[in-house]
Amino acid sequence: MIYFLSDAHIGSLAMPYDVYEHQRRVIHMLNTFKKDATAIFLVGDIFDFWYEYKWRDKSKKQYSALMQCLRHLVKRGISVHFLPGNHDLWTFGGLHKLTGMHVHTRPAKMELNGKKVYIAHGDGLIPSGMEKIPQIKRFIRLSKFFHNPVAQKAFQFMPPKWGNAIGYNWAKRSRLKELAKPCPYKGEDREELVLYSKEYEADPKHHHHDYYIYGHRHIALDLPITSDSRVIILGDCFQQYTYARMDEKGEVTLNHFDLWNEEPNN
Ligand SMILES: [Mn+2]
């Protein structure tokens, strides 16, 4: 089995439970999956804020249980992949070194169990023509700043205490905004990731993909876009606890994880 999960936003200051309780839940999911997992894809925003500074960052200790779990999965021979989200893109080799998991910097286009799969967190995948919408324009500007190598370098030299105060509070604001005004599924003709995937799939320059798998939107969606291609948006792992699973035949299902009934196998 191959598992896909995203958007745990662990460490969020806007969550009703603390970082350790939240982490335990995600670890519980991973430990349940490891029974039959050959690969696990963490599709971004696993952390509410992750930045690797030039200095030692004591606050990273709070994630040591999750790091240990990931190391254990890798050691067991499970192929663990991390796709950065817009909250945890600032890994400059540290996450790989800590856990051994494979960290992608671009959307992953892979063949899994005989199917062609396109996997990305999803932020910044804008269908053409939508770049001019003010809200999207603002997001692109911010994203460019986040990815700017000079800004990244400068932030790396900041004392972790200051950097984290900025980062976690920025993330908290965006979480509270979302909680106050949730953005449900916009429909097939308005949802950016659906439109992006349709455009990508229709473009003769691109290869066909059986599945387009994303996080980012915090909605659970399984939608056919052509007769042989589907878009899967993974939901989240802080409210809905949804994930996708691909079986040996390459069939993908979107599932809800029952935190209270699944028994992890150690
Ligand atoms: Mn995101």
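Predicted model, so just to flag it, every value in this text is computed and none were measured.

Definitions and limits used
- Here the residue numbering is sequential within each chain, running from 1 through the sequence in written order.
- In keeping with the model being predicted, local features are shown solely for residues with a pLDDT of at least 70 and side-chain atom pairs are shown and tallied solely at 80 or more, while totals for entire chains, interfaces and linings include all residues.
- Values reported for side chains reflect all heavy atoms of the structure, with hydrogen atoms and water molecules removed beforehand.
- Two strands are counted as paired when DSSP detects at least two bridges linking them.
- Helix and strand assignments come from DSSP, with helices taken as H or I runs of at least 4 residues and strands as E runs of at least 2, each series counted from the N terminus.
- Axes here mean lines fitted to C-alpha atoms, for a helix over just the part in contact, with angles spanning 0 to 180 degrees between N-to-C directions.
- A 1.4 Å probe rolled over the protein chains alone gives each residue an accessible area, and that area as a share of the maximum for its type sets the label: buried under 20%, exposed over 50%, partly exposed in between.
- For Na, K and Ca the donor cutoff is 3.2 Å, while for all other metals N, O and S atoms count as donors only within 2.8 Å; water does not appear among the atoms, so some sites may look incomplete.

## Let's talk about the sheet that holds strand β8 (residues 220-226)
And step 1. One open sheet accounts for 5 strands, arranged β5-β6-β7-β9-β8; its pairing is mixed. Taken across any chain shown, the strands that pair with only one partner, and hence form the sheet edges, are β5 (108-112) and β8. Here the average twist between neighbouring strands, direction ignored, is 20°.
And step 2. Pairing analysis gives 4 bridges linking strand β6 (residues 115-120) to strand β7 (residues 211-214), with the strands arranged parallel.

## A few points about the pairing of strand β9 (residues 229-234)
And step 1. Taken across its 6 residues, β9 has 6 buried, putting it largely inside the fold.
And step 2. Across the two faces of β9 the burial is the same, with S229, V231 and I233 and R230, I232 and L234 all buried.
And step 3. One ladder, built from 4 bridges, connects β7 with β9; its direction is parallel. When the sheet's bridge partners are listed, Y212 is paired in β9 with V231.
And step 4. Between β8 and β9, which follow one another and run antiparallel, lie 2 residues.

## A look at the coordination of the manganese ion
And step 1. The manganese ion binds to the protein through D45 (OD), N86 (OD1), H121 (NE2) and H216 (ND1); the donor distances cover 2.0 to 2.4 Å.
And step 2. When the donor residues of the manganese ion are listed from N- to C-terminus, their spacing reads D-x40-N-x34-H-x94-H. Remark: N86 occurs in the loop between β3 (79-82) and α3 (94-99) and D45 occurs in the loop between β2 (39-42) and α2 (64-75); sequence separation between them is 41 residues.
And step 3. Using a relative accessible area of 2% as the deciding quantity, one classes D45 as buried.
And step 4. A relative accessible area of 8% means that N86 is categorised as buried.

## Some remarks on the sheet that holds strand β1 (residues 2-5)
And step 1. Ordered by their spatial adjacency, 6 strands build an open sheet running β4-β3-β2-β1-β10-β11, and the pairing between neighbours is mixed. Of all strands in the sheet, those with a lone pairing partner are β4 (102-103) and β11 (252-256), marking the two edges.

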